[in-house]
Amino acid sequence: MNNVANQDLLVRLVEALERLAPPPRSVAIAPEAEGYVWRADALVLDPVATIARVDLDLLRGIERQRDALLANTRAFAEGQPANNALLWGARGTGKSSLVKAVHAEVNRTLDGQKAPVALVEVQREDIGSLGKLLAILAGEHERRFVLFCDDLSFDHGEGDYKSLKALLDGGIAGRPSNVIIYATSNRRHLLARDIVDNERATAIHPGEATEEKVSLSDRFGLWLGFHAMVETEYLDIVASYADRLGIGIDRADLAQAAREWALARGSRSGRTAWQFIQHVRGQGSPASR
């Protein structure tokens, strides 16, 4: 009798603890969201109702890169073969802006019978958890996902690049057919040059010692390079922003102020142009700095 009473008490205690425990986190993906942020610590995808982006036609000076990424993303959205993409080059030249703008454009022109492609942001520090994320996304058969890793690079002693390399190569399990990886980086080979040079200098077989790391970027089938802009490209971007936003300032005055703005910041780029236009909108005159 005592055994029965003890078992009943144990059952009640377990049930009480289950009621007090927080519910398990869900990995269900909100279907109405156009984007998500992957939180590896909780293994959840936080929906993003509206992705911050600029229109594709506002991105000037990168037409070749635009056309290549747009074609690749459209092929992926339509279930055709497509490549993982690495967008590398100078800061502020429109790499991440292009990824988000292309994503929006593809969804805008997508056949209404297909579910919109989702953009999933993955933080640099969460690269090692990509395998878990892919396991979740592989079960979402009705949707396609672009994993977006912004400002990706690896420093000395970091091993997460091996996880990324395995995914890009396919590994044993293979990358799900409904997932593609887009990454941006300031580094062409995703590693600091001094790290690569140091390993070459200290290795018995320098080529073999660095091949695995340097070749990481080779796993991306589509390489798109972004370079510093010449002045005419920079001013064209400034003018296109001004036209789109209805800024009624003499274009010669606007161009001169834009030159001075770029000179003060030591950079001519799409980002610099946007920051200048935001300044003009706030101040009402390019001459008031």
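Bear in mind that the values here come from a model prediction, so they are computed numbers and not experimental data.

**Student:** Help me understand unusual backbone geometry in this model?
**Tutor:** Negative phi values dominate among residues other than glycine, just as trans dominates among peptide bonds. Even without being glycine, L43 reaches a positive phi, approximately 55°. Note on placement: L43 falls in the loop between β1 (35–39) and β2 (44–48). In this model, D151 sits at a positive phi of 55°, which is unusual for a non-glycine residue. Along the chain, D151 falls in the loop between β5 (145–149) and α5 (160–169).

**Student:** Just checking my understanding: could you explain helix α3 (residues 95–108) for this structure?
**Tutor:** An α-helix turns once every 3.6 residues. As a result, residues three or four positions apart point the same way. With 14 residues, α3 should reach 20 Å at 1.5 Å per residue; the first-to-last C-alpha distance of 20 Å fits that figure. Of all the 14 residues making up α3, 10 are buried; the element is thus mostly covered by neighbouring parts of the structure. Within the sequence span of α3, burial applies to K95, S96, L98, V99, A101, V102, H103, E105, V106 and N107. Considering only its buried residues, α3 is in contact with α2 (63–77), β3 (85–89), β4 (118–121), β5, β6 (179–185) and β7 (222–226).

**Student:** Sorry, what's going on with the nonpolar core here?
**Tutor:** Within soluble globular proteins, side chains that are nonpolar tend to cluster in buried spots. Y36, L45, V120, L133, L147 and L164 are the most contacted members of the largest nonpolar core, which totals 32 residues. Secondary structure elements with two or more residues in this core: β1, β3, β4, α4 (130–137), β5, α5 and β6.

**Student:** Help me understand the packing of helix α9 (residues 251–265) against helix α10 (residues 270–283) in this model?
**Tutor:** When two helices pack together, their arrangement is captured by the angle between the axes and the distance separating the axes. Where α9 contacts α10, the axes come no closer than 10 Å and their chain directions differ by 120°. Taken as axis vectors, α9 and α10 run oblique relative to one another. Here the hand of the crossing between α9 and α10 comes out right-handed. Each of L254, A257, A258, W261 and A262 in α9 lies in contact with α10, whose residues at this interface are T272, Q275, F276, H279 and V280. Here the contact of α9 with α10 is composed, by residue class, of seven nonpolar, three polar and no charged.

**Student:** Hey, could you run me through the confidence of the model for the protein in this one?
**Tutor:** Caution applies to low-pLDDT regions: their predicted coordinates should not be interpreted in detail. Considering every residue of the protein, the mean pLDDT works out to 81; 75% of them sit at 70 or more. Long-range and interchain partners of residues 21–26, a stretch whose pLDDT sits below 50, account for four contacts in this model, where long-range means more than four residues apart.

**Student:** Would you mind showing me how to read the environment of L87 here?
**Tutor:** Examined against the element boundaries, L87 turns out to sit in strand β3. C-alpha of L87 to C-alpha of S185: the two residues are 98 residues apart in sequence and 6.4 Å apart in space. Once residues within four sequence positions are removed from consideration, L87 is found in contact with L69, K95, L98, V99, A183, T184, S185, L224 and F226.

**Student:** Which parts of the structure should I look at to understand the pairing of β5?
**Tutor:** On a regular strand, one side chain projects to one face of the sheet and the next to the other, so that they alternate. Burial analysis of β5 places five of its five residues in the buried class, the great majority of the element. The sheet contact formed by β4 and β5 spans four bridges and is parallel. Note on β5: the bridge partner recorded for A118 is F145. Crossover handedness for the path β4 to α4 to β5: right-handed. Bridge count between β5 and β6: five bridges; the pairing is parallel. Bridge pairing links C149 to A183 in β6.

**Student:** Help me understand the pattern of salt bridges in this model?
**Tutor:** Opposite charge on two side chains permits them to pair, given that their charged atoms come into close proximity. Enumeration according to the criterion identifies 11 salt bridges in this entry. The salt bridge involving E34 is made with R53; its shortest N-O contact spans 3.5 Å. In this pair, E34 is assigned in the loop between α1 (2–20) and β1 and R53 in the loop between β2 and α2, connecting sequence segments 19 residues apart. Here R244 and D55 are joined by a salt bridge, their closest N and O atoms 2.6 Å apart.

**Student:** Which parts of the structure should I look at to understand the pairing of β4?
**Tutor:** Pairing geometry for β1 and β4, over three bridges, is parallel. Across the sheet, the residue bridging to G35 is L119, located in β4.

**Student:** Just checking my understanding: could you explain the environment of H279 for this structure?
**Tutor:** By the element assignment, H279 lies in helix α10. The exposure class assigned to H279 is buried, which follows from its relative accessible area of 16%. Considered as a pair, H279 and W261 are 18 residues apart in the sequence and their alpha carbons are 9.9 Å apart.

About the thresholds
- Residues numbered from 1 in each chain as written.
- Predicted model: local features only at pLDDT ≥ 70, side-chain atom pairs only at ≥ 80, totals over all residues.
- Heavy atoms only, no water.
- Helix = DSSP H or I, 4+ residues; strand = E, 2+ residues; numbered from the N terminus.
- Expected span 1.5 Å × (residues − 1).
- Buried < 20%, exposed > 50% of the residue type's maximum accessible area, 1.4 Å probe, protein only.
- Contact = heavy atoms within 4.5 Å.
- Core = buried A, V, L, I, M, F, W, Y, C linked by side-chain atoms within 4.5 Å.
- Axes fitted to C-alpha atoms, helices over the stretch in contact; angles between N-to-C directions.
- Parallel < 35°, antiparallel > 145°, perpendicular 65-115°, else oblique.
- Left-handed = near helix turned anticlockwise from the far one by under 90°.
- Nonpolar A, V, L, I, M, F, W, Y, C, P; charged D, E, K, R; others polar.
- pLDDT = per-residue confidence, 0-100.
- Pairing = 2+ DSSP bridges.
- Right-handed = clockwise from strand over helix to strand, strands pointing away.
- Salt bridge = Lys/Arg side-chain N within 4 Å of Asp/Glu carboxyl O.

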